[in-house]
Structures are given as C-alpha cells and as structure tokens.
There are 2 protein chains.
Amino acid sequence: MKDKIIGVIGGMGPYAGLALVHHIFDQTLAASDQEHLPVVLFSMGDRVPDRSAFLFGKTPENPGRAIAEQIRLAESVGAVVVGIPCNTAHAPPIFQVIQETLARAGSRVRLLHLIDETVRFLREHYPDVRRVGVLSTLATYRLGLYHQALEAAGYEAVMADESVQETIVNRAIFDASYGIKAQSHPVSKIARQSVLTAIEHLRQKNVEAVVLGCTELPLAIPEMELDGLPIIDPSLALARALIRETYPEQLKPL
Amino acid sequence: MKDKIIGVIGGMGPYAGLALVHHIFDQTLAASDQEHLPVVLFSMGDRVPDRSAFLFGKTPENPGRAIAEQIRLAESVGAVVVGIPCNTAHAPPIFQVIQETLARAGSRVRLLHLIDETVRFLREHYPDVRRVGVLSTLATYRLGLYHQALEAAGYEAVMADESVQETIVNRAIFDASYGIKAQSHPVSKIARQSVLTAIEHLRQKNVEAVVLGCTELPLAIPEMELDGLPIIDPSLALARALIRETYPEQLKPL
C-alpha cells in the first residue's frame, strides 16, 4: 500500500480536475490497478467563488479561503501533496491567501504551483528554448500570470496581439455556439482551427514553444508538438510534478 | 453551497472512476462551475485487493473491507451518497462485506448498487424491452451478475455464447496488443470491431437491448444506440442515480 496520497482540488472547472487526474494515471508506470498511485479529487466548484470576478474587483470574496478549506479536507484523508488545476487560482492575491490560510491552520501539505511547475517542465524538457509564446483566457492574459513567471525565470515571454487574443482565442474558449466551454467532446472544428491560427500567429513571432495557459485549450490541441513546435500543457506538467513528489520511480519517461 | 456531496470510490480500474465522474458532470444541468454538483473521487486501487482473484478463490482477502474503509473516508469529508464503478465489487460475497462493515461502523451513507441501478435505468427508459443481452469480462460472465439481476427483475437475460465471450469479448478487453485495457485512447479498430461483432451476435439472438457489463466496453462503444438497438452503459445509469439521489432537479433529460 502506498502511503503518499495525491490530492487534486478540481471543480474550477470540473473537467480541468478530471483532465489532471487523467494525466496522473497516463503518466504513471503501472501494470495493474494496485500499482496506480492513490489520488483523491475534490470537485466542489459550488463552494469556490469565481476567481476572475474577484481579481477584477467584481466580487469581494477571496476564493483562496474556500480552496484552502478543500485542501484541508484532502489532508484530513491523507493527501500529502496537492495540485490545483486552475490558472487564475495561482494569481498572487488568491494563491497567497491559500498559503496563509493553510499556514494558520497548521497544514503540513505540500502545495505545488501550476505555473511554476510549467516553467520547470519547460526548462527540463526543452532546455534550448528561450522564446515562449503563451495563449490563455483574456483574464489570465491581462493578469500576465505566465508572462511574469516566464520572464522571472529568464525566458522571453511572447503574448498574442491583443486583437488575436480577444477575437480568436477568447472566442474559441467562450463563444456560446462553437467555444470549447460550450462544446468539448468533441471540440468544434472552428474552435480547434481558431487555436491553430493563434499558434501560427505566435510562430510568426519566432517563438520556440507555446504554453496553453488555459485548461480548455488542450482539449482543442492535445498534440505535444505541431510541426516541430513544442506545445506545453500546464496540466501535464503539474501531473508529472505530483508523481515526482510522491513516487518518482513510477514517473513515465516523456 | 450544496451540502449533499457525491462520493465515488474509483480506482478499480482508475479510468472507470474517471468515466463515472465524467458522466456525473455531463448529466448535470449546470451553466457554471458553481452550479455543478460537489463530488469527491477516491482513486486508491493500490489498497483494494483484486476482486476476481478473491471471487475465484485465488486470494483469501475480501476486498470489501478496503472498499468500505474508503467509503468511510468519503463520508468523513461529507459524502452522503456513494457509488462504486466496478462490476465485480457488486458480487454478493464482496458487496455484503461492504454493507456489513459500513453498518458495524455506524455509517449513514447511502450506497447505491451499480447493477440494480442499471436494471432500474432499463425499466425507466426502455419500458418495452424484455430480452436483454449482456457483454462482460469472463469473470462477470461466469459470476452471472447481470444475468441474475435481470432475471430477478423479470427480464430474459441473454448471454453471448461462451466461445464468443472467450475469443472475441474477453480478448477485446484484455489482449496485450489490441485490447481496450492496453490501448484506450483511442481504442484500437480491432477491439471496437470485436465488440461490434459480439453485439451483432446478441442481435441475432433477438435481444432488444445490450448491457455493456464491463467498465472497459463503453470506451469502445460510446454510442447509446446502434441501428436502433439500445446500448446500456451501467456507469451512465449509476451517474444519473447519484444525481437523482442528491439534486434531482439538476438531472439532464435523457
């Protein structure tokens, strides 16, 4: 029996939580149910206030507290390391409240950071890459989450032009008729085509890799590479980090 | 905030747990993260002994106790209703131990029954059906789990011939090169074709619906109907039952 349980705080949105757990299973060397790693998933988005609404001042309640409560629940059933598959939950005003709430409660859980793990994944697997493109929701774009983390790590971060971000990427995610949030299995052809167009737009800016900085985008682009351009899924990076922190000997070679 | 949390005891195998949670999300009327139902998934197959090995006398340890322990953990974080997406866990020698262990521990959780819910789903959604075909692993086939439940409910249960079961269905699930357990995203063409062949074999026996009594089979046949023949996925039936027992007003019309 494996005593190090992995906790996943999902629900933001629900399918992003499932995608992270799916990656954990896929990235584990295991030939039977008994060899797989123990995972608990909390998918309780009903009790987490909207992250973007808080960050842009539309609601006063910091979602960090509700997220920390769920991490405590995960810890109460044995989780020793936890990941949160939601980009905006890692914006400093929210992530700091999560960390402070956990510290005050005496938590001993190891909380990984989605965006930092993505940067680490890039460094480990693509050591020659310097210029990194980022696609995301308009919210993550305006917060500059990946931009700042990449620049702090010595990368050149390249964002899509705001017009491309607004008319192509954001609509591919949110459009009520063809967007990925409205229609994800399968993703519509127009949504996939839009994301491909935005990736080509970044390629024209000479990027050497593209980070899909929104949990919906990898549903449209599951490929790890497009015509030689590495495509980075932060959820995959986080899944591998969760395995590395618990049973590294079972981490599948990439 | 929704106070009725759904518990899923997965891990047997890991992807079956994910498929059940996926169905819960898909079958819920929800327009935002906040409207989705709270779900906790325990995927800790590492601590549950092999079900088939126990049932066929190859190991002495009843997996029912480990499953009951996980249900208690789910209850400790608020789960009020629980489902187990594993057919063999519902064989009476295991399921009774789960129920007895929970009763002794004073559990108040409502534990749904995968196979009974499948029969209920059939009755509600296909009221005219009488002759029901079943495909499953050789273990479930030999245990007669669906066969007995269907006959007890007044159906005629029709099994595939043992040769079809052994050479076509079981290999579609377990074959090391093309089986669904070895290769599930996507399922190989030969595995899907094998399951289709077995369904046609049952159609020749004049069945009016087919139950996919193994959590791997719906990965090959996601359709809810093939040329007018209803195809029943027990995991979908269980997902809908879990919603019905918590927030029935959010159950999507079928």
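All values derive from a computational prediction rather than experimental measurement.

It is worth spelling out the packing of aromatic side chains at this point. Within the structure shown, the criterion is met by three aromatic pairs over all chains. With 5.6 Å between their ring centres and 80° between their planes, Phe25 of chain A and Tyr15 of chain B make a pair best called edge-to-face. With Phe25 of chain A in helix α1 (residues 14–26) and Tyr15 of chain B in helix α1 (residues 14–26), this pair bridges two chains. The lysine or arginine in question, Lys2 of chain A, covers the ring of Tyr247 of chain A, its NZ or CZ lying 5.3 Å from the ring centre.

All names here are of chain A. Taking 1.5 Å per residue, 13 residues should reach 18 Å; helix α4 (residues 92–104) reaches 18 Å between its end C-alpha atoms and fits that length. Of all the residues in α4, the buried ones are Ile94, Phe95, Val97, Ile98, Thr101 and Leu102. On an axial view of α4, the arc spanned by its buried residues comes to 160°, and they lie on one face. Seen from the open side of α4, the exposed residues pointing more than 90 degrees away from its buried face are Ala103 and Arg104. Where α4 is buried, its residues touch α2 (51–55), α3 (64–76) and β4 (110–111).

To continue, consider the relation of the copies chain B and chain A. Each copy of the sequence occupies a distinct position, and chain B is placed on chain A by a rotation of 180° and an axial shift of 0.0 Å, giving an RMSD of 0.0 Å. Considering both components of the superposition, the chain copies are consistent with a two-fold axis. Measuring from the rotation axis to each C-alpha of chain B, the shortest distance belongs to Leu41 of chain B, at 2.5 Å. When the interface residues of chain B are mapped onto chain A, 100% of them again lie at the interface, so the same face is used by both copies.

All names here are of chain B. Summarising the element assignment, Glu75 is placed in helix α3 (residues 64–76). A distance of 3.1 Å separates the side chain of Glu75 from the side chain of Arg72, its partner in a polar contact. Aside from chain neighbours lying at most four places away, what touches Glu75 is Ser107, Arg108 and Val109.

This paragraph deals with the interface of chain B and chain A. Across the boundary between the two partners, chain B contributes 36 residues, which contact 36 residues of chain A. For the pair chain B and chain A, the two sides together bury roughly 3000 Å², of which 60% comes from carbon and sulfur. At the junction of chain B and chain A, the tally comes to two salt bridges. For the salt bridge of Arg51 of chain A with Asp33 of chain B, the shortest nitrogen-to-oxygen distance reads 2.8 Å. Taken together, chain B and chain A are joined by 13 residue pairs in polar contact (both at pLDDT 80 or more). Those elements that place two or more of their residues in the side of chain B that touches chain A are α1, β2 (39–43) and α3 of chain B. Among the elements that line the side of chain B that touches chain A, the one with the most residues is α1 of chain B, at seven residues. For the side of chain B that touches chain A, the per-class residue count stands at 19 nonpolar, nine polar and eight charged.

The next thing to look at is the packing of helix α8 (residues 162–174) of chain B against helix α9 (residues 189–204) of chain B. All names here are of chain B. The geometry of α8 relative to α9 is characterised by a closest axis approach of 8 Å and an angle of 145° between their N-to-C directions. Of the two possible hands of crossing, α8 and α9 adopt the one that is left-handed. Contacts between α8 and α9 involve Val164, Ile168, Val169 and Ala172 from the former and Ala191, Ser194, Val195, Thr197, Ala198 and His201 from the latter. Considered class by class, the residues forming the contact of α8 with α9 number seven nonpolar, three polar and no charged.

What follows is about the pairing of strand β2 (residues 39–43) of chain A. Sheet faces and side chains relate simply in a regular strand, where the side chains alternate between the two faces. Judged by how many residues are buried, β2 of chain A sits mostly within the fold: five of five residues are covered. Of the strand pairs in this sheet, strand β1 (residues 5–10) of chain A and β2 of chain A are connected by five bridges, and their pairing is parallel. Bridging from a neighbouring strand, Val8 of chain A pairs with Leu41 of chain A of β2 of chain A. In the classification by handedness, the crossover that spans β1 of chain A, the intervening α1 of chain A and the parallel β2 of chain A is right-handed. Where β2 of chain A and β2 of chain B come together, five bridges link them in antiparallel fashion. In the sheet register, Phe42 of chain A faces β2 of chain B, and the bridge partner there is Val40 of chain B.

We now examine the side chain of Lys2 of chain B. Within the secondary structure, Lys2 of chain B is located in the segment before β1 (5–10). This buried residue, Lys2 of chain B, is left without a salt bridge; Glu249 of chain B holds the nearest opposite charge, at 6.2 Å. A distance of 2.8 Å separates the side chain of Lys2 of chain B from the side chain of Gln250 of chain B, its partner in a polar contact. In contact with Lys2 of chain B, not counting residues within four places along its chain, are Asp46 and Arg47 of chain A together with Gln34, Glu35, His36, Leu37, Pro38, Tyr247 and Gln250 of chain B.

Residue and element names in this part refer to chain B. Pairing within the open sheet is mixed, and its five strands lie in the order β6-β5-β7-β9-β8. Of all strands in the sheet, those bounded by a partner on one side alone are β6 (156–159) and β8 (225–226). When strand β5 (residues 131–136) meets strand β7 (residues 209–213), the two strands line up parallel, connected through five bridges. Bridge pairing in β7 links Ser136 to Gly213. Set on the sheet, helix α7 (residues 145–152) makes contact with β5, β6 and β7; between it and β6 the angle comes to about 160°.

Attention now moves to the packing of helix α5 (residues 114–125) of chain A against helix α7 (residues 145–152) of chain A. Residues and elements named next belong to chain A. At a minimum axis distance of 10 Å, the contact between α5 and α7 shows a crossing angle of 45°. Taken together, the axis directions place α5 and α7 in an arrangement best described as oblique. Considering how the two elements wind past one another, α5 and α7 form a crossing that is right-handed. Between α5 and α7, the residues in contact are Leu114, Ile115, Thr118, Val119 and Leu122 and Leu145, Tyr146, Ala149 and Leu150, respectively.

Cut-offs applied
- Residues numbered from 1 in each chain as written.
- Chains lettered and ligands numbered in written order.
- Predicted model: local features only at pLDDT ≥ 70, side-chain atom pairs only at ≥ 80, totals over all residues.
- Heavy atoms only, no water.
- Phe/Tyr/Trp six-rings, centres within 6.5 Å; stacked < 30°, edge-to-face > 60°.
- Helix = DSSP H or I, 4+ residues; strand = E, 2+ residues; numbered from the N terminus.
- Lys NZ or Arg CZ within 6 Å of the ring centre and 35° of its normal.
- Expected span 1.5 Å × (residues − 1).
- Buried < 20%, exposed > 50% of the residue type's maximum accessible area, 1.4 Å probe, protein only.
- Arc of directions from axis to C-beta.
- Contact = heavy atoms within 4.5 Å.
- Least-squares fit on C-alpha atoms with pLDDT ≥ 70 in both.
- Polar contact = N/O pair within 3.5 Å; in protein donor to acceptor, adjacent residues only side chain to side chain.
- Buried area = accessible area lost by both parts, 1.4 Å probe.
- Salt bridge = Lys/Arg side-chain N within 4 Å of Asp/Glu carboxyl O.
- Nonpolar A, V, L, I, M, F, W, Y, C, P; charged D, E, K, R; others polar.
- Axes fitted to C-alpha atoms, helices over the stretch in contact; angles between N-to-C directions.
- Left-handed = near helix turned anticlockwise from the far one by under 90°.
- Pairing = 2+ DSSP bridges.
- Right-handed = clockwise from strand over helix to strand, strands pointing away.
- Lys, Arg positive; Asp, Glu negative; His and termini not counted.
- Parallel < 35°, antiparallel > 145°, perpendicular 65-115°, else oblique.

Without other data, these values stay purely geometric and don't point to any function.
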